[in-house]
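Secondary and tertiary structure notes
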Amino acid sequence: EIAKLLGVATILEGSVQRQGNSVRVNVQLIKAATDGHLWAEVYDRKLDNIFEVQSEIAIAVAEALSAKVTSSEKLTLAAVPTKNTAAYDAYLRALAFYRISDASNAERFLQQAVKLDPGFAASWALLSRVHAQWFNGGDRGPARREAAQHALESALRLQPDLEESRLAQAYFQYWVERDFPGARQRFEQVLAEWPNNGDAVLALGLIARRQGRWDEARNYMSQAIAHDPLSSSARGNLIQTLFYLREHAAAQVSVDASLNILPDNGFLIGLKAKIQQAIGKLDEADETLKGLQVTPAGGWVMDAIFSQAAYRRRYGNAIANFEAAIRSDKAAGSLGIDSSQLNLLLGDLRRLSGDAAGAKTNYMLVRDELLPEEKRQPGNAWLLKTLALMYCGLGEREQSTNFAERAIKLASAVSDKATGPEMELVRAQIWARFGERDRAIPALARLLKLPAGRVTPAILRLDPDFDKLRGDPRFEALANSDKNQN
C-alpha cells in the first residue's frame, strides 16, 4: 500500500534503538511486489559515528538497486553537518515539526540547535525559512525580517554551496522580498541540483500561481504530491488552485481523495466546505462542517463556518462558536491578526443578526489591536484587508475604501494574480454594502471572469453582503449566469 501511494517499486524500512551513546540501526530494502528482502543489515555504532552509518546505508542501498554512486556523491554523503549530536537531534525534531506546519516548535528546536552549534549551517538555513514563513504568514514587522535575514546570512557564510542554504535563499526572495521572478529562477536552480526536493517543486507551483501561470501551477503541485503524497500543503494548494479556477468538480474529486488519506486535516475540510458553498450546495456543506470548532489559526474552516452561517442567515450557533474561540484565545494569551480575524467575523455575525451594539464592540477591539500593528507592518495586505472590513462594519465608508485600495496597491506592486483579485473582492463587497451599485456590479462582473476572484453566481445569490444590489437587472444577470449556461 505504501509503495502504491508513493509510486515506487521498493521500500526502505528501518528502526533505531538508542541506549546511552550507543545506537543500533536495523535497516532493510523490500521489493514491494513480492514483499521480499533485497538487502538487510544491522549497524551497531556509537552516536559519535552516526553520520558514517548514514553514508554506509545510502551507498549500500544504492548498490543493492544496481545504482552507481559517483565520487562527488560519496563526498556529499560523507559530509558531516555537525559534530554536536545534541544539535543534530534538535535539528531533526525541528524538521519534523516543520513538516507538519508547526512553526512555533520548529523555531524553538532550531534556536536550540544553533545555540549548541553556531556553525551548523543547515539549522541556520531552516531557521531562516521558518522566520520567512512567519513573515509571509502575517508577521511582517522589521524584527521578523531581520531574523530571517540574519539566519540566512549565517547559513550562507558557513556553507554557501549547501543545498539547504540555497533553498533558504530562494524562500527569502519569495516570502520576504516578494521577488517572484528572482525566486522562481533560484528555485529552478535548486531543483536542477536537487531534483527530488518536493518543497522546491511546490514553491515553483505557488509562484506560478501568483504570476497567473495557472496550468504550470497545477502541474507543479501535482508533481509535489507525487514527491510527498502525505503533504497536506501540496494537496491543499492543488485543490485551492482548482477552486480559484472554478473547476469545482475537479476540486471536489481531489479534496475527497485527499481526505481519504488525511481525514482530520482542517485545511482540507475547510476547502471542501468552501467548494460546496461556491456551487450552492449548503446542505452538503452543513454535513462537512458538522461538529467543527472555530480556532484562531483555523483559516479555511473558520471562513467556511462564518460563510455557512451568513448564507443560511442563521447566526446563533456560529456566534457561540466564535465566542468560544475568542475565550480560548484569550486564555492562551494569543494576540495578533488571527485573534483580530475572530473579532471581525464575530462582529459581522452580530451585525447580520441585528445586534449592532455587540458588533461595534467587536469591531472596536479589531481597531484597537490592529491600528498599532498597521504602523509596524505597513506592507501587510491581509492586515489592511481586515481593517478595511472592520471600518465597513462601523459604517465608515471613506476609511474602509482607503484601506481596501492600499491592499490592492500592495498586491499590484508585485503583480500578484492570486492575492490581487481577493483584495478587489473586498473593495467590491464594501461598495455593495454601502449600496454603490454602479461601482460594485461592474467590479463583480470583472471578478467573475478572473481566476482567484473567489466569487461565483451561487455566492452572489446567497451572500447578504450583496443584498443592496438585489433587484438591479445587471446584478440579477450575474447572480443567475450559471443557470443561463445550463
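Predicted model, so just to flag it, every value in this text is computed and none were measured. (Residues numbered from 1 in each chain as written. Predicted model: local features only at pLDDT ≥ 70, side-chain atom pairs only at ≥ 80, totals over all residues. Heavy atoms only, no water.)

1. Some points on the side chain of Ser 254
The topology assignment puts Ser 254 in helix α13 (residues 248-261). Overall, the relative accessible area of 15% leaves Ser 254 in the buried class. In this view, Ser 254 contacts Leu 238, Ile 239 and Leu 242; residues no more than four positions away in its chain are not counted. (Helix = DSSP H or I, 4+ residues; strand = E, 2+ residues; numbered from the N terminus. Buried < 20%, exposed > 50% of the residue type's maximum accessible area, 1.4 Å probe, protein only. Contact = heavy atoms within 4.5 Å.)

2. Let's talk about the sheet that holds strand β2 (residues 22-31)
Strand order in the open sheet formed by 3 strands is β1-β2-β3, with antiparallel pairing between adjacent strands. A single partner strand is all that each edge strand has here, and the edge strands are β1 (10-19) and β3 (36-46). On average, adjacent strands in this sheet sit at an angle of 10° to one another, irrespective of strand direction. Helix-sheet contacts for helix α2 (residues 50-64) involve β1, β2 and β3, and the interaxial angle to β3 is about 165°. (Pairing = 2+ DSSP bridges. Axes fitted to C-alpha atoms, helices over the stretch in contact; angles between N-to-C directions.)

3. Structural notes on the packing of α2 against helix α3 (residues 71-78)
Contact geometry of α2 with α3 gives a least axis separation of 8 Å together with a crossing angle of 145°. Within the contact between the two elements, α2 uses Ser 55, Ala 58 and Ile 59 and α3 uses Lys 74, Leu 77 and Ala 78. In the contact of α2 with α3, the residues fall into 4 nonpolar, 1 polar and 1 charged. (Nonpolar A, V, L, I, M, F, W, Y, C, P; charged D, E, K, R; others polar.)

4. Side note on the pairing of β2
Alignment of β1 against β2, held across 10 bridges, turns out to be antiparallel. Looking across to β2, one finds that Val 16 is bridged to Val 25. Taking the residues between adjacent antiparallel strands as the criterion, β1 and β2 are bridged by 2 residues, where Gly 20 takes a positive phi near 60°. Of the strand pairs in this sheet, β2 and β3 are connected by 10 bridges, and their pairing is antiparallel. The residue bridging Val 23 from the neighbouring strand is Arg 45, located in β3. Where β2 hands over to β3, the hairpin turn is made up of 4 residues, of which Asp 35 adopts a positive phi near 60°.

5. Quick notes on the environment of Asn 265
As for its placement among the helices and strands, Asn 265 is situated in the loop between α13 and α14 (266-278). Expressed as a C-alpha distance, the spacing of Asn 265 and Ser 232, which sit 33 residues apart in the sequence, is 7.5 Å. If near-sequence neighbours (up to four positions away) are discounted, Asn 265 is found in contact with Ser 232 and Leu 259. A distance of 3.0 Å separates a polar side-chain atom of Asn 265 from the backbone nitrogen of Leu 268. (Polar contact = N/O pair within 3.5 Å; in protein donor to acceptor, adjacent residues only side chain to side chain.)

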